[in-house]
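Overview (structure and organization)
As a plain string of letters, each chain reads:
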Amino acid sequence: MPDVRCPMCGKPNPDEAETCQFCQARLKPVSADSESAAGGESAPDWLSRLRVQGGPTPGGTRELSGDSEIPSEEEASDWLARIRSKATDDGPAPAGDTAPPEDPLGRGRAAEPAKPVPAFAQPAGDEPAHAESTPGTEPTSGEEDPEWLKRLRARRSVETPAGATPAPSFPAPQTPSKGLPPDWMHTPREETAPGSPPVLAAAAPSGESAAPSWLRDVQPTPPAAPPPAAAPPASAAAFASEDEELRGAYSEKEIPDWLATARDEATTVEQPAPAGEPAAPIETPPLEELLAPGVLPEWLTAGPPSTPSTVEAPFQGEGLEEAVLPPWLRAMRPVEGPIAVKGAATEAEERVESAGPLAGLRGVLPPKVEVEVGRHPPVLPSLLEIQPTHAAHAELLQRIVSTPESRAVPRARRRAQSRPWGGLAVSLILVAAMLVPWLTQTSVFARPSVVAVETLQTANIVNALPLDRPLLLAVDYEAAASAELEAAALAVVDHVMTVGAPIATVSTRPVGAALAGRLIARTRSAHPQYVSGVNYFPLGYLPAGPIGLRAFAADPWLAVFGQVQPAGWEPAMTSALHASSNFSAIIVLASEPTVLQTWIEQVHTAVPDVPIIAVVSAAAEPLVRPYYESAFPSLQGMVVGLAGAEAYECLNATDPSTGRCGRPGVADPMWDAFGMAVLASVLIILVGGVASLVRRGLSSMRKASHE
Amino acid sequence: MSDVATAALGFFLTVAILSYVLGDNVLFRVAAHLLIGVTAGYLAAVAWQSVLWPQLFGRMLNLGAWLDAALWIPLIMVLMMIGRSTPRLSVLGSLPMAFLVGLAAAVAVGGALTGTLIPQVAATAVSLSPVRQASGGMVFFDLEGALSNIIILIGTVTTLAYFHFGARPRAGQAPARPAWVAPLARVGEIFLAVAFGALYAGALAASLTALIDRVAFLQQIIGRLLP
């Protein structure tokens, strides 16, 4: 189950996955175990020992703090362990004494009480691993020695007689605040046991030949091992002997500050050694051991780092695969620009160590990690890969936002719509033309004397309708076309009711049922013999469009009513409604040609023997007429628009005396107004066309005159 | 009273709709919104009264009808179709929607082939000879019929040529139709213009009829109100 989301690409991955399945980025952080397992064999000895000694501190770096903060027991260095062990051997504290705060140098207390010894203490009798494996370091050249060391060496060569044992003059270990070397510089000694003699005391003879010359000069000869009970405190003895040596070698001004401070503290706090007993020299780690190529990390021996990195370096194990950034993330990654921060690296490179065993070296890591507290984070310029299309879109968006005219666009449209003078003038002309016949009570346009063939065929089919089979009236027009289609339909339905054929109405549109009821209701006023369920069967709404029509062609009753049986209907007619072939004719009232086309395609193809008559709008006539005038006509009759309605009304009843329609219907009162409106429309179109030609001619003449 | 209220409401709505000639205004918007709302409510009522209740839910009252699969299948499909109203359950409506679309496509294609395409293609396969033979074996000369058939042929071929948009690229010149297609397409363009003119005339006649009906209604109402 994908419940771990990749931090690089954001895609989900299984919980147990080590790397992302999509971008191969590492999902779990590299731990010390994985490091040792992956690259432990190839790591150098000092790194292996450091790994054994303890895991990395949070953040990947070891704390090099030079604050007065007392280091913990695990962070104590081996030299401190040896000092403690020696002090314990020399003068154990009385039982029950409260241990003072731990001091790395053992200051402020007479002896080190029995306390937990660091885990890296070497057991007794064991040689430290590094003492055997560390190669001898090359003698350091005199030019690289600090000034005080040169002077000390020169004075000792003059004052010390041959064969005399020099006192130890190497500065004692200092507190971390005084430039204590970090613990990684000390070789960890896991095998050192508490109470064991100092390791360097046993390793000094074997390693003395490998020590540099300047160190041999200043390093004391290890004295004979004193009895453990008579041994003074190691720290006190070390500082006392050192003080004696420094007094003779340097004046007070020449003594470094850190050495003077340490000396003063040792003098005031430590108890003096018992008289008559030689002071045991403090064993300090030899510098060649600290500076051995195998001990020091490579980055320190190679040179100062450019920047004090606080981030753990990525592990370069062979078994691990390097994470690959996806292209989109690589494009968003900030790259180093011209204002990249270089101050920190420059400062670290310029730093010269002024105290401690690394005094004089340049570029040494500072004892205190300079956490940038209170500083602003560096500003890394982001140079994104911007495509030209993106830049164009951004520019367009900025232009749109910054353009004030963009807000005024809707207002401009409203102004344009608020002055429809042309449309208003046309409307007034048309309405005026329509009102003229009604207001003047005059008949300008003659009724159609010649009836179209399709209208005549429709009348002939209606005249031949049988009375025992229903006529299907499909009311499939919208209410907006009711003025035109009702005029034509009323004429046809009036004719059908005059004949007396039963009528069944159906509609594939929801409003069709209501329009059919209105149509029958208007016609029934002249033909009250039509009763619902007897000779009038409102089938209602037929859903599903062409699918419903296909089902209707198979079984009209089942398609409309399903299993429902309307009560009170004539059984004979009801049985006739179970097959579309029982219809005497189908009259389709359609305002759109597609509706009629659907009726022809779905119903007429199923019952080709049933004639279909189309009563359509004038707007649909051009697309419907091919179904009527083709060599294989699908329509057997047509009544088109108001003209067809007026012609059919005249067919129903013609006044022999006047030659006009004897029983005018709905279409007749509209005929004159229709004629006037058509005439006005033609005039408007002609005037508009002439005006357009004149305007175009004037513009062309104006252009020609300009040219 | 109801006739007066109906007439008054019809008068107000007619005036509101015709006020669009002055531009978009509040009256037109009110009438349009009222029309849309009433239409939607009427459609819902018709769907329930004419379809859902008599053919589905009304039958569920009859316990014997529960054994009929014709009741279960539509009911399940209706419930699945309701799932399309929510995005999380919209996938449920895919099955009934696919059923409807596939069935409608099959029905429409089958009907179009037998009801429109084949008859219309057959209608253009006419004889161009003016000599005809009557059913009684009498031979007569029908020049008008022959001319009509020629026009039908020319109109069909040239109109189809107009919709031939293939063009070959030429070096240094814009792509153009083949030389033999261009004049045919030009003639076909004339036939299309005539057809569109007829459509426009029909649309104008239908619109004028609707306007006449509304103006007559207003005249009738105003005539009743005036002394």
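Thresholds, definitions, all that
Residues numbered from 1 in each chain as written. Chains lettered and ligands numbered in written order. Predicted model: local features only at pLDDT ≥ 70, side-chain atom pairs only at ≥ 80, totals over all residues. Helix = DSSP H or I, 4+ residues; strand = E, 2+ residues; numbered from the N terminus. Buried ≥ 20, exposed ≤ 12 C-beta atoms within 10 Å, placed from the backbone. Contact = placed C-beta atoms within 7 Å. pLDDT = per-residue confidence, 0-100. Nonpolar A, V, L, I, M, F, W, Y, C, P; charged D, E, K, R; others polar. Core = buried A, V, L, I, M, F, W, Y, C linked by C-beta atoms within 7 Å. Pairing = 2+ DSSP bridges. Axes fitted to C-alpha atoms, helices over the stretch in contact; angles between N-to-C directions. Parallel < 35°, antiparallel > 145°, perpendicular 65-115°, else oblique. Left-handed = near helix turned anticlockwise from the far one by under 90°. Right-handed = clockwise from strand over helix to strand, strands pointing away. Bend = angle between axes of the 7 residues up to and from the residue.

Some thoughts on the overall build of chain A
- Within chain A, the secondary structure is distributed over 26 helices and nine strands.
- Counting across all 707 residues of chain A, residues that qualify as buried make up 34%.

Concerning the overall build of chain B
- Within chain B, the secondary structure is distributed over six helices and four strands.
- Order of helices (α) and strands (β) in chain B, N terminus to C terminus: α-α-α-α-β-β-α-β-β-α.
- Burial statistics for chain B: of 227 residues in total, 9% are counted as buried.
- Considering only residue pairs separated by 6 or more positions, chain B has 31% of its internal contacts joining residues 24 or more positions apart.

A short note on the confidence of the model for chain B
All names here are of chain B.
- Here chain B averages 89 in pLDDT, and 100% of its residues register 70 or above.
- The element-level mean pLDDT for chain B is lowest in strand E3 (residues 168–170), coming to 78, with helix H6 (residues 181–225) highest at 93.
- Among the prediction metrics, the complex's ipTM stands at 0.89, with pTM recorded as 0.56.

A closer look at the environment of alanine 553 of chain A
Residue and element names in this part refer to chain A.
- In this fold, alanine 553 is placed in helix H20 (residues 545–554).
- Note on alanine 553: 21 C-beta atoms within 10 Å, which makes it buried.
- Along the backbone, alanine 553 and serine 581 are 28 residues apart, and their C-alpha atoms lie at a distance of 8.1 Å.
- Those residues in contact with alanine 553, other than ones at most four positions away along the chain, are Ser580, Gln602, Val603, Ala606 and Val607.

A few points about the interface of chain B and chain A
- Taken residue by residue, the interface counts 43 residues in chain B and 54 residues in chain A.
- Taken together, the elements giving at least two residues each to the side of chain B that touches chain A come down to helix H2 (26–60), helix H4 (94–124) and H6 of chain B.
- The element contributing the most residues to the side of chain B that touches chain A is H6 of chain B, with 17 residues.
- Across the side of chain B that touches chain A, the residue classes break down as 29 nonpolar, eleven polar and three charged.

Re the nonpolar core
Residues and elements named next belong to chain A.
- One finds Val492, Ile587, Val588, Ala614 and Val615 to be the most contacted residues of the largest nonpolar core, which totals 95 residues.
- Of the residues forming this core, the biggest block, eleven residues, is contributed by helix H18 (residues 482–499).
- With residues near it in sequence (within four places) discarded, valine 492 still touches Thr458, Val462, Ile587, Val615, Val639 and Tyr648.

Quick look at the pairing of strand E7 (residues 586–590) of chain A
Residue and element names in this part refer to chain A.
- With five of five residues buried, E7 lies mostly within the body of the structure.
- When strand E4 (residues 471–476) meets E7, the two strands line up parallel, connected through five bridges. Looking across to E7, one finds that aspartate 476 is bridged to alanine 590.
- Looking at chain direction, E7 and strand E8 (residues 612–616) are connected through five bridges and run parallel. In the sheet register, alanine 590 faces E8, and the bridge partner there is valine 616.

Observations concerning the packing of helix H1 (residues 2–18) of chain B against H6 of chain B
All names here are of chain B.
- Close contact between H1 and H6 brings their axes to 10 Å; oriented N to C, the two are set at 130°. One way to sum up the angle between H1 and H6 is to call them oblique. Where H1 crosses over H6, the handedness of that crossing is left-handed. Contact residues: Ala7, Gly10, Phe11, Thr14 and Leu18 in H1; Arg214, Phe217, Leu218 and Ile221 in H6.

Quick look at the sheet that holds E4 of chain A
All names here are of chain A.
- In space, the six strands of this open sheet follow the order E6-E5-E4-E7-E8-E9, with parallel pairing throughout. Looking at the sheet topology across the chains shown, the edges are occupied by strand E6 (536–541) and strand E9 (637–640). Sheet twist, expressed as the mean angle between neighbouring strand axes with direction ignored, is 15°.
- With four bridges joining them, E8 and E9 adopt parallel strand pairing. Across the sheet, residue isoleucine 613 finds its bridge partner in E9, namely glycine 637.

A closer look at the pairing of E8 of chain A
Residue and element names in this part refer to chain A.
- A large share of E8 lies buried, amounting to five of its five residues.
- Residues of E8 alternate between two faces, with Ile612, Ala614 and Val616 on one and Ile613 and Val615 on the opposite face, all of them buried.
- This β-α-β element, E7 to helix H23 (residues 593–604) to E8, shows right-handed connectivity.
- Handedness of the E8-helix H24 (residues 621–629)-E9 crossover: right-handed.

Focus on the environment of leucine 153 of chain B
Residue and element names in this part refer to chain B.
- Relative to the helices and strands, leucine 153 is located in helix H5 (residues 143–162).
- A count of 14 C-beta atoms within 10 Å places leucine 153 in the partly exposed class.
- Separated by 28 residues in the primary sequence, leucine 153 and alanine 125 have C-alpha atoms spaced 8.2 Å apart.
- For leucine 153, the contacting residues outside a window of four places in its chain are Thr124 and Leu128.

Observations regarding H2 of chain B
- When the local axis directions of H2 of chain B are compared, the greatest deviation, roughly 65°, occurs at tryptophan 53 of chain B, which is followed within four positions by the proline proline 54 of chain B.
- Against the buried residues of H2 of chain B lie helix H19 (512–524) and E6 of chain A together with helix H3 (69–82) of chain B.

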